[in-house]
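# A closer look at the structure
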Amino acid sequence: MRFETFSTKTSLSPKQKVQVVNASLTKLDRDFGLVVDLLNVSNKGIDSIVFQVKFINEMSKYLFDGTVFEFSASQLAIPPNGIYYLEPFILDDRFQPARGIHIRIKDIVFEDGQFWNITPDQEVDMGLPIVPLEKIDQLQALFGEDVITYAQDFGTYWRCVCGLTLEEETCPYCGRSKDFVLASLNEDQINQKLVSLYVQEEETDLSMTQKLYKQQLQDALDLKPYRLNEIDPKRDRAASILSRRHLVYGVILLVFFILITIFLPRSFQRVQIAKKLQEADRLVLEGRYSQALLIYESLPRDLKSIDLTPKIEDIKNLEKSQKAYQKGLAFYEDQNYLAAFKELSQVSSEDMPHYDQAQDLLIGLEKDLLTQAKTALDEGDEAQALDLVNFILNQKPKSAPALQLKDQILANP
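A quick note: this is a predicted structure, and the numbers were derived from the prediction, not measured. (Residues numbered from 1 in each chain as written. Predicted model: local features only at pLDDT ≥ 70, side-chain atom pairs only at ≥ 80, totals over all residues. Heavy atoms only, no water.)

Below, the discussion takes up the overall build of the protein chain. Scanning the protein chain for helices and strands turns up 13 helices and 16 strands. Out of the 413 residues belonging to the protein chain, those deemed buried represent 42%. Expressed as a percentage of contacts within the protein chain between residues at least 6 apart in sequence, the contacts between residues at least 24 apart total 62%. For the protein chain, the computed accessible surface area is about 23,600 Å², with 52% contributed by carbon and sulfur atoms. (Helix = DSSP H or I, 4+ residues; strand = E, 2+ residues; numbered from the N terminus. Buried < 20%, exposed > 50% of the residue type's maximum accessible area, 1.4 Å probe, protein only. Contact = heavy atoms within 4.5 Å. Areas by Shrake-Rupley, 256 points an atom, 1.4 Å probe, with all protein chains shown as cover.)

The subject of this paragraph is a negative patch on the surface. On the surface, Asp378, Glu379, Asp381 and Asp387 cluster together to form a negatively charged patch. Tracing the chain through its elements places Asp378 in helix α11 (residues 352–378). (Patch = residues over 30% accessible without salt bridge, like charges linked within 9 Å, V, L, I, M, F, W, Y side chains within 5 Å. Salt bridge = Lys/Arg side-chain N within 4 Å of Asp/Glu carboxyl O. Lys, Arg positive; Asp, Glu negative; His and termini not counted. Charge placed at Lys NZ, Arg CZ, Asp CG, Glu CD.)

Helix α13 (residues 400–411) packs onto helix α12 (residues 382–395) with a crossing angle of 155° between their chain directions and a minimal axis gap of 10 Å. With respect to each other, α12 and α13 are oriented roughly antiparallel. When the axes of α12 and α13 are compared, the crossing they make is left-handed. Contacts between α12 and α13 pair Glu382, Ala385, Leu386, Val389, Asn390, Ile392 and Leu393 from the former with Ala402, Leu403, Leu405, Lys406, Ile409 and Leu410 from the latter. (Axes fitted to C-alpha atoms, helices over the stretch in contact; angles between N-to-C directions. Parallel < 35°, antiparallel > 145°, perpendicular 65-115°, else oblique. Left-handed = near helix turned anticlockwise from the far one by under 90°.)

Negative phi is the rule for most residues except glycine; trans is the rule for most peptide bonds. In this model, Ala77 sits at a positive phi of 60°, which is unusual for a non-glycine residue. Counting through the fold element by element, Ala77 comes out in the loop between β6 (69–73) and β7 (82–85). Although it is not a glycine, Asn81 sits at a positive phi angle of roughly 55°. Counting through the fold element by element, Asn81 comes out in the loop between β6 and β7.

Attention now goes to the pairing of strand β3 (residues 18–28). Taken across its eleven residues, β3 has nine buried, putting it largely inside the fold. Here ten bridges tie β3 to strand β4 (residues 31–40), and the two strands are oriented antiparallel to one another. The partner of Gln19 across the bridge, within β4, is Leu39. Linkage of β3 to β4, two consecutive antiparallel strands, is achieved through a turn of two residues, within which Asp29 is found at a positive phi near 40°. As paired elements, β3 and strand β16 (residues 218–219) share two bridges and run parallel to each other. Looking across to β16, one finds that Thr26 is bridged to Gln218. (Pairing = 2+ DSSP bridges.)

Before going further, it helps to spend a moment on the packing of aromatic side chains. A complete count under the given rule lists 13 aromatic pairs for this structure. Ring geometry for Phe154 against Tyr157: centres 5.1 Å apart, planes inclined by 15°, an arrangement best described as stacked. Against the face of Phe3 rests Arg99, its NZ or CZ located 3.7 Å from the ring centre. (Phe/Tyr/Trp six-rings, centres within 6.5 Å; stacked < 30°, edge-to-face > 60°. Lys NZ or Arg CZ within 6 Å of the ring centre and 35° of its normal.)

Turning our eyes to something else, we now look at the environment of Gly33. Positionally, Gly33 belongs in strand β4. Here the alpha-carbon distance between Gly33 and Leu91, two residues 58 residues apart in the chain, equals 5.0 Å. Excluding its chain neighbours within four sequence positions, the residues that come into contact with Gly33 are Ser24, Leu25, Thr26, Leu28, Phe89, Ile90 and Leu91.

What follows concerns the pattern of salt bridges. A side chain of one charge can pair with a side chain of the opposite charge if their charged atoms are brought near each other. Using the criterion set out here, one finds ten salt bridges in the structure. Among the salt bridges present, the one from Glu70 reaches Lys106, with a minimum N-O distance of 2.6 Å. Remark: Lys106 occurs in strand β9 (residues 100–110) and Glu70 occurs in strand β6; sequence separation between them is 36 residues. Look at Glu70 and you get partly exposed, because its relative accessible area is 39%.

Looking now at the layout of surface pockets. The volume enclosed by the second largest pocket comes to roughly 690 Å³. Forming the walls of the second largest pocket are 23 residues, and the residues nearest its centre are Glu70, Lys106, Glu319, Lys323 and Gln326. When contributions to the lining of the second largest pocket are tallied by element, the ones reaching two or more residues are β5 (46–56), β6, α8 (289–298) and α9 (308–333). Looking at the lining of the second largest pocket, its residues break down into seven nonpolar, nine polar and seven charged. (1 Å grid on protein atoms, 1.4 Å probe; cavity = no way out; pocket = protein on both sides within 12 Å on 5 of 7 lines; lining within 4 Å. Points joined across faces, edges and corners; volume = space filled by probe spheres on them. Nonpolar A, V, L, I, M, F, W, Y, C, P; charged D, E, K, R; others polar.)

Counted under the stated rule, the structure contains zero disulfides. Cys171 supplies the cysteine sulfur nearest to Cys162, a cysteine that is in no disulfide, at a spacing of 3.5 Å. (Disulfide = S-S within 2.5 Å.)

Turning to the side chain of Ser48, a few remarks are in order. Looking at the secondary structure, you find Ser48 in strand β5. Classification of Ser48 as buried rests on a relative accessible area of 0%. Here Asp47 takes part through its side chain, which lies 2.6 Å from a polar atom of the side chain of Ser48. Apart from residues no more than four positions distant in its own chain, Ser48 is found in contact with Ala73, Ser74, Gln75, Leu76, Asp107, Ile108, Val109, Leu294 and Ser298. (Polar contact = N/O pair within 3.5 Å; in protein donor to acceptor, adjacent residues only side chain to side chain.)

For Lys406, the location among the structural elements is in helix α13. Residue Lys406 is classed as partly exposed on the basis of its relative accessible area of 25%. Along the backbone, Lys406 and Ala385 are 21 residues apart, and their C-alpha atoms lie at a distance of 8.5 Å. Leaving out residues up to four positions away in the same chain, Lys406 has contacts with Leu386, Val389, Asn390 and Leu393. Reaching out from Lys406, the side chain makes a polar contact with the side chain of Asn390 at a distance of 3.1 Å.

Across the sheet, which stays open at both edges, the three strands sit in the order β12-β13-β14 with antiparallel pairing between neighbours. Every other strand in the sheet has two partners, leaving β12 (152–153) and β14 (165–166) as the edge strands with one partner each. By the bridge criterion, two bridges tie β12 to strand β13 (residues 158–159) in an arrangement that is antiparallel. Residue pairing for β13: Asp153 is matched across the bridge by Trp158.

Have a look at this one:
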């Protein structure tokens, strides 16, 4: 699997506290995959996240007519104020023609139960520069270990070398100032500095000083050393302290923590779970099933007060119903009425935000299909008339007008 990939496009708001700072297609052992790097400059840990991705072919056109695919990850425990590297998403054979991606964050569920739905209306589109791994090594050696990209000025906002796009004059993540970064660490300035360095070292290969618009598909094994999540320093420090203590002191601490675990009130945990359940129920009523499902799947499975399994299955069924409604609506707008009738017939009565609208469309479609069947019958085309009636009955077996017309067709000599 060897081919070139384009630079990644992303959509984000400079006000966002959680941003995609890098994402790309990648080679995974025997599979094709997608890697995503997040920068979380909020003061909250992240439990779950949903991305929306459009794929781009070698002609720089969107695959699948620009269809948006969602990728989600839960139970992440992403710490605040840092970069986090998600496990690669595996892509199936449909995505083999992809040579680039356009990615945005759709939903975030924080560890305290807060839910963010990020709407596109405040977002801007931008390209993420291609920085080869070898060049990242050089940049970090010269300018700091947190440098992962080039600075860029977009007018009312700017991108820092740590990857954050923002409006403020000083980057809240790395502390660098806008004026210094844009003047000294944009791509042209960095390349000039590298050229000077290479000339001094009599280096003849200047490929690292060129602007790139494509690069060879990267291998996940090559990326791995650059995508290592840091261990929580508090946990690491606690473990180090315990390891240096006397064995007896360690046993005393262990007994102490066991007692706390047994007797400490769990009201805070119960309150957080109750908040998440309330939020999930609200999202279901609004028809935002994928977000509700994320919350339910983030909850512990051993809750005594509620069995989550049927809840999760119900939401998955509602999600299928919602997708059937969306597909049916798209077919209806494309005037593909048979396909629209089939999809809209699968909308569940439990899917309250969509059921009534689906039924209104179905009533009109059924009338049109029955009219077509009657016209075919009048013109002597009993086979066409019967096909249309059977199609209706396959979706609505108890349709009285369709059953009546079928009897009339079969009785026709």
